[in-house]
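# Remarks on the overall topology
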Amino acid sequence: MASKQIATNREGAEIYHGAALCKQKMQELLDQFHLPKGLMPLNNLVEVGYNKTTGFIWLKQQKTFKYLFKVLGAASYGSEITAFLEDRRMRKLTGIKSKEMMIWVTLSDISVDDSKITFATPIGLTQSYPIADVEDDPEEMK
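Residues numbered from 1 in each chain as written. Predicted model: local features only at pLDDT ≥ 70, side-chain atom pairs only at ≥ 80, totals over all residues. Heavy atoms only, no water.

### Here we look at the overall build of the chain
Along the chain, the regular secondary structure elements total three helices and 11 strands. Along the first, second and third principal axes, the C-alpha set of the chain runs to 40 × 30 × 25 Å. Looking at the chain as a whole, 47% of its 142 residues qualify as buried. Across the chain, contacts joining residues at least 24 apart in sequence account for 45% of those joining residues at least 6 apart. Working note: accessible area of the chain is about 7,700 Å², and carbon and sulfur atoms make up 53% of it. Each charge class in the chain was averaged separately, 18 positive and 18 negative side chains, and the resulting centres sit 6 Å apart. (Helix = DSSP H or I, 4+ residues; strand = E, 2+ residues; numbered from the N terminus. Buried < 20%, exposed > 50% of the residue type's maximum accessible area, 1.4 Å probe, protein only. Contact = heavy atoms within 4.5 Å. Areas by Shrake-Rupley, 256 points an atom, 1.4 Å probe, with all protein chains shown as cover. Lys, Arg positive; Asp, Glu negative; His and termini not counted. Charge placed at Lys NZ, Arg CZ, Asp CG, Glu CD.)

### Regarding the pairing of strand S4 (residues 65-69)
Side-chain alternation along S4 places Phe65, Tyr67 and Phe69 on a buried face and Lys66 and Leu68 on a face that remains uncovered. Sheet topology note: the S4/strand S5 (residues 73-86) ladder contains five bridges and is antiparallel. Within the sheet, the bridge partner assigned to Leu68 lies in S5 and is Ala74. Pairing of S4 with strand S11 (residues 139-141), which is carried by three bridges, proceeds in the antiparallel orientation. Its bridge partner being in S11, Tyr67 is matched across the sheet by Glu140. (Pairing = 2+ DSSP bridges.)

### Structural notes on the pattern of salt bridges
Taken as a whole and assessed by the stated rule, the structure comprises eight salt bridges. We note a salt bridge from Asp31 to Lys37, for which the minimum N-O separation is 3.6 Å. Residue classification places Asp31 among the partly exposed residues on the basis of a relative accessible area of 41%. The shortest N-O distance in the salt bridge between Asp109 and Arg89 comes to 2.7 Å. With Asp109 in strand S8 (residues 109-112) and Arg89 in strand S6 (residues 89-100), the pair connects residues that are 20 residues apart, well separated along the chain. Taking the relative accessible area as the measure of exposure, Asp109 reaches 14% and is therefore buried. Looking at Arg89, the relative accessible area reads 31%, which means it is partly exposed. (Salt bridge = Lys/Arg side-chain N within 4 Å of Asp/Glu carboxyl O.)

### Regarding helix H2 (residues 19-32)
Helix length check: H2 (14 residues) gives 20 Å between terminal C-alpha atoms against 20 Å at 1.5 Å per residue, within 8%. Looking only at H2, the buried set comprises Cys22, Lys25, Met26, Gln27, Leu29 and Leu30. On the buried face of H2, the contacting elements are strand S1 (14-17), strand S2 (45-51), strand S3 (56-61) and S5. His34 sits one or two positions beyond H2 and adopts a positive phi of about 55°. (Expected span 1.5 Å × (residues − 1).)

As structure tokens, this is what we get:
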């Protein structure tokens, strides 16, 4: 499904390749949309695409990477991550999961207000944390 969305939104999109450039562009987009920089700690990106008209973004990496945040716990970033960017929000998110009570939970929406970040699942469950909890430098899990 993610690949189909990428193909649909590829025309007219800004597309970047290479780990360093992709990381830089991802950080610029997070800044532009007022999202915490620590939200996407991905160092192994091979492609980042952003369609300004639709707000659609995609991130590709060679494999799934897992990170351990000090407060948030484990997060899994798939080989393809997609979302629609809005100011202080990522909606229709695919490719990111959070580990809760030994179960991997798919995230579908991330929103930020002045002091907290809220993660939502496709079935409507939400969990909020202080924004500072996302700003830490997570450790890559092996």
